[in-house]
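Structural description and commentary
Chain residues, written in single-letter form:
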There are 2 protein chains.
Amino acid sequence: MQRKSFDKMQCPIARALERVGEWWSILILRDAFYGMTRFDEFQKSLDIAPNMLTKRLTALVEAQLLERRQYSEKPPRYEYILTERGRDFRPVLWALLEWGNNNFFPEGHSVDLVNRKTGKVAKPVVVDSVSGKPMTAEDFGPKAGPAATEGVRRRLAFGAAKRLHPELKPDFSIDKVTS
Amino acid sequence: MQRKSFDKMQCPIARALERVGEWWSILILRDAFYGMTRFDEFQKSLDIAPNMLTKRLTALVEAQLLERRQYSEKPPRYEYILTERGRDFRPVLWALLEWGNNNFFPEGHSVDLVNRKTGKVAKPVVVDSVSGKPMTAEDFGPKAGPAATEGVRRRLAFGAAKRLHPELKPDFSIDKVTS
């Protein structure tokens, strides 16, 4: 089954998913943040079929989230190291972890994020570092950037209209909004 | 192709992905945040096959991220509304958007997050609301929670050892670390 490519889409979330939206990719990145670098480490941690792991690692290398480095010549062996772009993904993992903890652990948490100095459990929230304000839906929202296409502008306009008039069906169509 | 279930895994990221890790699910949630509620709105926005959209919407309803509500009796028509759990997903989307913008838009941004009051482009960062500190990898990290299984503890121990001794292969195995 071949997935449609999200890469032609102009949405930054779609382009992000083009790199990490395949099954396993995000868990491989998680393990890379745990310090795993070698094929057998990922394989044992994830209990994943080797051919699938090869495929996903190759895709993550192509997307420049991991770098493949040889660490042994005889036999030839490679390890996979997070690139800067890969390390940049950490806030997404932490937001996912927080959401997972808050919603799917009726039996209690298995992993918490803690402040290393105080040992206290952290509560991750997204804040705008420009204004210092928590990014609530009331105070922050999406806006067309300089490279927005017609389709993106239409989706944003739809959102803005719905926000002002939640009960109204906007009078423009969302037709051909993908661009 | 049947995907392995991540739900038996004890990791909060894996459990989160169990709900949103399928192709399209996250883009459907994105559109729900844009105010879309109806099948045809999602369909036109995403240019997705109707049977696939039905499948993904049903899964999101089962995972209690969307609620299905009838809005017309004749003909019977339904809309899909974000639940509290679904709305809780917003920080993940914003972190993904920021990562996408920073890494995959050489031509300039098509969507920015802005402060509605000032109109300024926001810079989302993850902050610990308990201590008020930005959640850097230096100051924050994962720790076993009360419900951690043996496998989770082993992965955490691996990460802690690698952090202290990045060049060393830890002397314990990551064997059967999935639990």
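Residues numbered from 1 in each chain as written. Chains lettered and ligands numbered in written order. Predicted model: local features only at pLDDT ≥ 70, side-chain atom pairs only at ≥ 80, totals over all residues.

The next point concerns the overall build of chain A. Regarding its fold elements, chain A presents seven helices and five strands. The order of helices and strands in chain A, counted from the N terminus, is α-α-α-α-β-β-α-α-β-β-β-α. Within the span of chain A, comprising 179 residues, buried residues form 43% of the whole. Long-range pairs, those at least 24 residues apart, make up 36% of the contacts in chain A with a sequence separation of at least 6. (Helix = DSSP H or I, 4+ residues; strand = E, 2+ residues; numbered from the N terminus. Buried ≥ 20, exposed ≤ 12 C-beta atoms within 10 Å, placed from the backbone. Contact = placed C-beta atoms within 7 Å.)

Turning next to the environment of Lys120(B). Counting through the fold element by element, Lys120(B) comes out in the loop between β3 (111-115) and β4 (124-128). What makes Lys120(B) partly exposed here is the crowd of 13 C-beta atoms within 10 Å. In contact with Lys120(B), not counting residues within four places along its chain, are Val130(A), Val114(B) and Asn115(B).

Here chain A sits on chain B after a turn of 180° about the axis and a move of 0.0 Å along it, with an RMSD of 0.0 Å. In symmetry terms, the pair is related by a two-fold rotation axis. Taking C-alpha positions as reference, the residue of chain A nearest the rotation axis is Val126(A), located at 2.3 Å. Comparing interface residues between copies, 100% of those in chain A also sit at the interface in chain B, which points to an isologous, same-surface contact. (Least-squares fit on C-alpha atoms with pLDDT ≥ 70 in both.)

Further remarks concern the packing of helix α1 (residues 12-20) of chain A against helix α6 (residues 90-104) of chain B. For the pair α1(A) and α6(B), the least separation of the axes is 7 Å and the interaxial angle reads 80°. With respect to α6(B), the element α1(A) is oriented roughly perpendicular. Residue-level contacts link Pro12(A), Ile13(A), Arg15(A) and Ala16(A) of α1(A) to Leu93(B), Leu96(B), Leu97(B), Trp99(B), Gly100(B), Asn101(B) and Phe104(B) of α6(B). Here the contact of α1(A) with α6(B) is composed, by residue class, of eight nonpolar, two polar and one charged. (Axes fitted to C-alpha atoms, helices over the stretch in contact; angles between N-to-C directions. Parallel < 35°, antiparallel > 145°, perpendicular 65-115°, else oblique. Nonpolar A, V, L, I, M, F, W, Y, C, P; charged D, E, K, R; others polar.)

The next subject is the interface of chain A and chain B. Contact residues are listed per partner, giving 86 residues for chain A and 86 residues for chain B. If you list the elements that add at least two residues to the side of chain A that touches chain B, you get α1, α2 (25-33), α3 (39-46), α6 (90-104), β3 (111-115), β4 (124-128), β5 (140-144) and α7 (150-164) of chain A. At 14 residues, the largest contribution of residues to the side of chain A that touches chain B is made by α6(A). Classifying every residue of the side of chain A that touches chain B gives 44 nonpolar, 20 polar and 22 charged.

In this section: the domain arrangement of chain A. Structurally, chain A comprises domain 1 (12-87), domain 2 (90-124) and domain 3 (136-174). In this structure, domain 2 of chain A and domain 3 of chain A have C-alpha centres spaced 32 Å apart. (Domains from an automatic or database assignment.)

Our next topic: the pairing of strand β2 (residues 77-82) of chain A. Every regular strand shows the same layout, with side chains that alternate between the two sheet faces. Residue and element names in this part refer to chain A. Note: strand β1 (residues 66-72) against β2, six bridges, orientation antiparallel. Counterpart to Glu-67 in the pairing with β2 is Ile-81. What sits between β1 and β2 in their antiparallel hairpin is a turn of four residues. (Pairing = 2+ DSSP bridges.)

Within soluble globular proteins, side chains that are nonpolar tend to cluster in buried spots. Within the largest apolar cluster, 87 residues are counted, with the highest numbers of intra-cluster contacts made by Ile13(A) and Ile13(B). Apart from the residues lying within four places of it in its own chain, the contact partners of Ile13(A) are Ile26(B), Leu27(B), Arg30(B), Leu93(B), Leu96(B), Leu97(B) and Gly100(B). (Core = buried A, V, L, I, M, F, W, Y, C linked by C-beta atoms within 7 Å.)

Before going further, it helps to examine helix α4 (residues 50-62) of chain A. Residues and elements named next belong to chain A. With 13 residues, α4 should reach 18 Å at 1.5 Å per residue; the first-to-last C-alpha distance of 18 Å fits that figure. Turning to α4, its buried residues are Arg-56, Leu-57 and Leu-60. Along the axis of α4, the buried positions cluster into a sector of 100°, meaning they face one direction only. Seen from the buried face of α4, the exposed residues on the opposite side, beyond 90 degrees, are Asn-51 and Glu-62. (Expected span 1.5 Å × (residues − 1). Arc of directions from axis to C-beta.)

Attention now moves to the environment of Glu67(A). Residues and elements named next belong to chain A. Note that Glu-67 resides in strand β1. When the 16 C-beta atoms within 10 Å are taken as the criterion, Glu-67 is described as partly exposed. Residues Glu-67 and Gln-10, 57 residues apart in the sequence, show an inter-C-alpha distance of 26 Å. Beyond its immediate sequence surroundings of up to four residues, Glu-67 is in contact with Val-61, Ile-81 and Thr-83.

We now examine the environment of Leu57(B). Residue and element names in this part refer to chain B. Here Leu-57 shows up in helix α4 (residues 50-62). Residues Leu-57 and Leu-29, 28 residues apart in the sequence, show an inter-C-alpha distance of 9.6 Å. Once you skip the residues sitting within four places of it in the chain, Leu-57 turns out to touch Ile-28, Leu-66 and Tyr-80.

With that settled, consider unusual backbone geometry. The omega angle of the peptide bond from Lys74(A) to Pro75(A) is -5°, so this bond is cis rather than trans. Mapped onto the fold, Pro75(A) is located in the loop between β1 and β2. The phi dihedral of Asp47(A) is positive, around 55°, even though this residue is not glycine. Tracing the chain through its elements places Asp47(A) in the loop between α3 and α4. Look at Gln64(B): it is not a glycine, yet its phi comes out positive at around 60°. Following the sequence through the fold, Gln64(B) ends up in the loop between α4 and β1 (66-72). C-beta crowding within 10 Å serves as the criterion here: with 13 such atoms nearby, Gln64(B) is assigned to the partly exposed category.

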